[in-house]
Amino acid sequence: MKVWTRSKASFACGRCANILPPGSPRLQFVFRGKNGPFAKDRCEHCADEPVPADLPIRTMNFHEPLVLTAFDIDGVERPISNLKPMTPIQRIELPVDWRKKAAGE
Ligand SMILES: [Zn+2]
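This structure is a prediction, so every number in the text was calculated from the model and none was measured.

### Examining the overall build of the protein
Helix and strand counts for the protein come out as one helix and seven strands. Secondary structure of the protein in N-to-C order comes out as β-β-β-β-β-β-β-α. With 105 residues in all, the protein has 7% of them scored as buried.

This is the structure in structure tokens:
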């Protein structure tokens, strides 16, 4: 299954290995593996098709509650509703290249 999404977090393109910031268009190829579905990501430059014009822009709202999601057996990402984490999960904002930022560059 092939689907265009906007990334929730930074991701690395599977072809050019560029790290892209949250909100970037991402083409996901979802495959059914032996241990469940898995996805391969492509950036907009490495995808073999243009980004759909109607792809919604993801706005990062840090006040909305964090929802844990997982890919279902049919390859669709759905929220996990019956999971209560023992440690409170909080959203942190990392720069795109946190190693350079930590080194003071
Ligand atoms: Zn790429």
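We are not done yet, so read on.
### Looking at the sheet that holds strand β1 (residues 2–6)
Across the sheet, which stays open at both edges, the three strands sit in the order β1-β4-β5 with antiparallel pairing between neighbours. Each having just a single partner strand, β1 and β5 (36–42) make up the two edges of the open sheet. Going from strand to strand, the sheet's axes swing by 35 degrees on average, the running direction of each strand aside. Inspection of the sheet shows strand β4 (residues 25–33) paired to β5 by seven bridges, in the antiparallel sense. For Val 30, the partnering residue across the bridge sits in β5 and is Ala 39.

### Let's talk about the environment of Leu 55
Tracing the chain through its elements places Leu 55 in the loop between β5 and β6 (69–71). When the 13 C-beta atoms within 10 Å are taken as the criterion, Leu 55 is described as partly exposed. Taking the C-alpha atoms as reference points, Leu 55 and Pro 25, 30 residues apart in sequence, are found 8.2 Å from one another. Each residue touching Leu 55, except ones within four places of it in the same chain, is listed here: Trp 4, Arg 6 and Pro 25.

### Things to note about the environment of Arg 6
With respect to the helices and strands, the residue Arg 6 is situated in strand β1. A sequence separation of 18 residues divides Arg 6 from Ser 24, and the C-alpha atoms of the two residues are 5.3 Å apart.

### Comments concerning the pairing of β4
Examined bridge by bridge, β1 and β4 share five bridges and lie antiparallel to one another. By the bridge assignment for β4, Trp 4 is matched with Leu 27. Two successive antiparallel strands, β4 and β5, enclose a turn made up of two residues.

### Notes on unusual backbone geometry
Backbone geometry at Ala 17 places phi at a positive 65 degrees, although glycine is not the residue there. Tracing the chain through its elements places Ala 17 in the loop between β2 (11–12) and β3 (19–20). Classification of Ala 17 by C-beta neighbours within 10 Å gives exposed; the count is 9.

### Overview of the environment of Ser 81
With respect to the helices and strands, Ser 81 occurs in the loop between β7 (77–79) and α1 (98–102). Look at Ser 81 and you get exposed, because 7 C-beta atoms sit within 10 Å. As for Ser 81 and Val 67, which are separated by 14 residues in sequence, their C-alpha atoms are 8.5 Å apart.

Parameters and conventions
Residues numbered from 1 in each chain as written. Predicted model: local features only at pLDDT ≥ 70, side-chain atom pairs only at ≥ 80, totals over all residues. Helix = DSSP H or I, 4+ residues; strand = E, 2+ residues; numbered from the N terminus. Buried ≥ 20, exposed ≤ 12 C-beta atoms within 10 Å, placed from the backbone. Pairing = 2+ DSSP bridges. Axes fitted to C-alpha atoms, helices over the stretch in contact; angles between N-to-C directions. Contact = placed C-beta atoms within 7 Å.

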